[in-house]
Amino acid sequence: MATGHAALDAELPGGGWPVGAMTELLQATPEAHVWRLLLPALAQAVEARGGPVVLVGAPYEPCGTALAAQGLPVEALMCVRSDAPAARLWACEQALRCAEIAAVVAWLPQARVGELRRLQLAAAQHEVLLFVCRPESVALSASPARLRLRAERCPDDPAQIALHLLKRRGPPLAAPVRVPARNARMSALLAAARVRRQLRLQPPVAPAAAPSATVVRIDAWKGGPDALDRLAVVV
């Protein structure tokens, strides 16, 4: 299934996320970049299958308004909350065995290889999209995932996400794949906000100085005692 990121699709076998297999996403913080990377495919899966996206152990409650604006209606989300690793694994496996589920996104920082293998088999049974989010500290450990990525913010460009393909079918990549950290609409809004902020911080422009003026009496200006007795301004 297409990822929604052309640069990433060009490097993935089949041109997108594997369906019926596990994709493992490794990050320093569990909430970073997940929605930006997965949202296009999740919206596509809901439209194609009609079932919900199950979120297991999400670190934060997703913003339904923002997701709906990008094609994923809030009523298509099913959230399972539990701090117990065993309960998360059980909920994830049960969701994968339900044929009506469109996709599963699970945060499983403590999962072992054998437990991940069971999830991989369950995803293959019903051809479900499965994304497992884990800490980047497990990058060197074994994993049954068909596709493994490590995501981080580009140090030289905060507006880009660097994706290191740790495991895929095919030769390894010499350099990470870069994708935008924000969608085009959000990038435009943030750019406009930066312009407004810069304008507010600029010092006010002083008005041009008025030409000098001299106040004299009209009788003195006219040079006679019969002039009107009032002040005049000569520029």
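Residues numbered from 1 in each chain as written. Predicted model: local features only at pLDDT ≥ 70, side-chain atom pairs only at ≥ 80, totals over all residues. Heavy atoms only, no water.

**What to know about the sheet that holds strand β4 (residues 103-107)**
Line of reasoning, step 1. Taken in spatial order, the 8 strands of this open sheet run β3-β2-β4-β5-β1-β6-β7-β8, and their pairing is mixed. A strand with exactly one partner marks an edge of an open sheet, and here the two such strands are β3 (77-80) and β8 (177-180). Neighbouring strand axes in the sheet, compared pairwise and without regard to direction, differ in orientation by 25° on average.
Line of reasoning, step 2. Relative to strand β5 (residues 129-135), strand β1 (residues 21-27) runs parallel, the two sharing 7 bridges. Following the sheet pairing, Met22 is matched in β5 by Leu130. (Pairing = 2+ DSSP bridges. Helix = DSSP H or I, 4+ residues; strand = E, 2+ residues; numbered from the N terminus. Axes fitted to C-alpha atoms, helices over the stretch in contact; angles between N-to-C directions.)

**Topic: the pattern of salt bridges**
Side chains that carry opposite charge are capable of pairing whenever their charged atoms lie near each other.
Line of reasoning, step 1. Within the structure shown, the criterion is met by 9 salt bridges.
Line of reasoning, step 2. Close ionic contact of Arg168 with Glu11 constitutes a salt bridge, the shortest N to O distance being 3.7 Å. Taken together, the positions of Arg168 in the loop between β7 (160-167) and β8 and Glu11 in the loop between α1 (6-9) and β1 put the pair 157 residues apart, joining distant regions of the chain.
Line of reasoning, step 3. For Glu11, a relative accessible area of 29% gives the class partly exposed. (Salt bridge = Lys/Arg side-chain N within 4 Å of Asp/Glu carboxyl O. Buried < 20%, exposed > 50% of the residue type's maximum accessible area, 1.4 Å probe, protein only.)

**Topic: the nonpolar core**
One broad trend across soluble globular proteins is that nonpolar side chains are buried collectively.
Line of reasoning, step 1. If you look at the biggest cluster of nonpolar residues, it comprises 35 residues, and the most contacted ones within it are Leu8, Trp17, Val53, Leu72, Val105 and Leu163.
Line of reasoning, step 2. Sorting elements by how many residues they give to this core places helix α2 (residues 34-49) first, with 9 residues.
Line of reasoning, step 3. Leu72 has contacts with Trp35, Leu39, Leu42, Ala43, Val46, Val53, Leu67 and Leu77, leaving out every residue within four places of it along the chain. (Core = buried A, V, L, I, M, F, W, Y, C linked by side-chain atoms within 4.5 Å. Contact = heavy atoms within 4.5 Å.)

**Section: the pairing of β1**
Line of reasoning, step 1. Counting buried residues in β1 gives 7 out of 7 residues, a clear majority hidden from the surface.
Line of reasoning, step 2. Burial along β1 is two-sided: Ala21, Thr23, Leu25 and Gln27 and Met22, Glu24 and Leu26, pointing in opposite directions, are all buried.
Line of reasoning, step 3. Of the pairings in the sheet, the one linking β1 to strand β6 (residues 147-153) comprises 4 bridges and is parallel in character. When the sheet's bridge partners are listed, Leu25 is paired in β6 with Leu149.

**Points about the packing of aromatic side chains**
Line of reasoning, step 1. This structure, assessed with the given rule, holds 1 aromatic pair.
Line of reasoning, step 2. For the pair Trp17 and Phe131, a centre-to-centre distance of 5.3 Å together with 85° between the ring planes defines the contact as edge-to-face. A residue pair is termed long-range when its members are at least 10 positions apart, and Trp17 in the loop between α1 and β1 and Phe131 in strand β5 qualify at 114 residues. Residues Trp17 and Phe131 agree in their burial class; the two are buried. (Phe/Tyr/Trp six-rings, centres within 6.5 Å; stacked < 30°, edge-to-face > 60°.)

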